[in-house]
Amino acid sequence: MSVLFPKVPKPREWDYRPIYFDKEKEARKDKKLARLQHGAFRAEHEKNMTELRKKKQSRLVLWLVLLILLIIGFYVFL
């Protein structure tokens, strides 16, 4: 079968896409590059860790308040 109909790869098509200047895209690119300065990763990590600690602390306070209300409820109703 391949002798009668050999497979020939198709030629590459020419795909031209003009590049236009986009102010918003350039601004996003510059902002991203500005974040990659020396020490930026450490500062971001510390910021994220402080937010995580605050979340954990607020969650703990919520559970403690619920536990105290539950204990008071059992004491009052039983």
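Right, let's walk through the structure included here. (Residues numbered from 1 in each chain as written. Predicted model: local features only at pLDDT ≥ 70, side-chain atom pairs only at ≥ 80, totals over all residues. Heavy atoms only, no water.)

1. Here's the deal with the overall build of the chain
Helix and strand content of the chain: two helices and zero strands. Its C-alpha radius of gyration of 31 Å places the chain more than 25% over the 12 Å reference for a compact globule of 78 residues. The principal-axis extent of the C-alpha atoms belonging to the chain is close to 90 × 45 × 25 Å. Scored against the burial criterion, the 78 residues of the chain give a buried share of 1%. By element, 64% of the accessible surface of the chain is carried by carbon and sulfur atoms, the whole surface being about 9,100 Å². Charge centroids of the chain, computed over 18 positive and 9 negative side chains, lie 7 Å from each other. (Helix = DSSP H or I, 4+ residues; strand = E, 2+ residues; numbered from the N terminus. Rg over C-alpha atoms; globule rule 2.2 N^0.38 Å. Buried < 20%, exposed > 50% of the residue type's maximum accessible area, 1.4 Å probe, protein only. Areas by Shrake-Rupley, 256 points an atom, 1.4 Å probe, with all protein chains shown as cover. Lys, Arg positive; Asp, Glu negative; His and termini not counted. Charge placed at Lys NZ, Arg CZ, Asp CG, Glu CD.)

2. With respect to the environment of Ala-27
Structurally, Ala-27 can be placed in helix α1 (residues 23-35). Sequence spacing of Ala-27 and Leu-62 is 35 residues, and the spatial spacing of their C-alpha atoms is 42 Å.

3. Looking at α1
Here α1 is 13 residues long and its end C-alpha atoms lie 18 Å apart, about the 18 Å a rise of 1.5 Å per residue gives. Burial analysis of α1 places just zero of its 13 residues in the buried class, a small minority of the element. (Expected span 1.5 Å × (residues − 1).)

4. Side note on a positive patch on the surface
Together, Lys-31, Lys-32, Arg-35 and Lys-47 make up a region of like positive charge exposed at the surface. Here the positive patch takes three residues from α1, the largest share from any one element. By the secondary structure assignment, Arg-35 is in helix α1. Since its relative accessible area comes to 55%, Arg-35 is described here as exposed. (Patch = residues over 30% accessible without salt bridge, like charges linked within 9 Å, V, L, I, M, F, W, Y side chains within 5 Å. Salt bridge = Lys/Arg side-chain N within 4 Å of Asp/Glu carboxyl O.)

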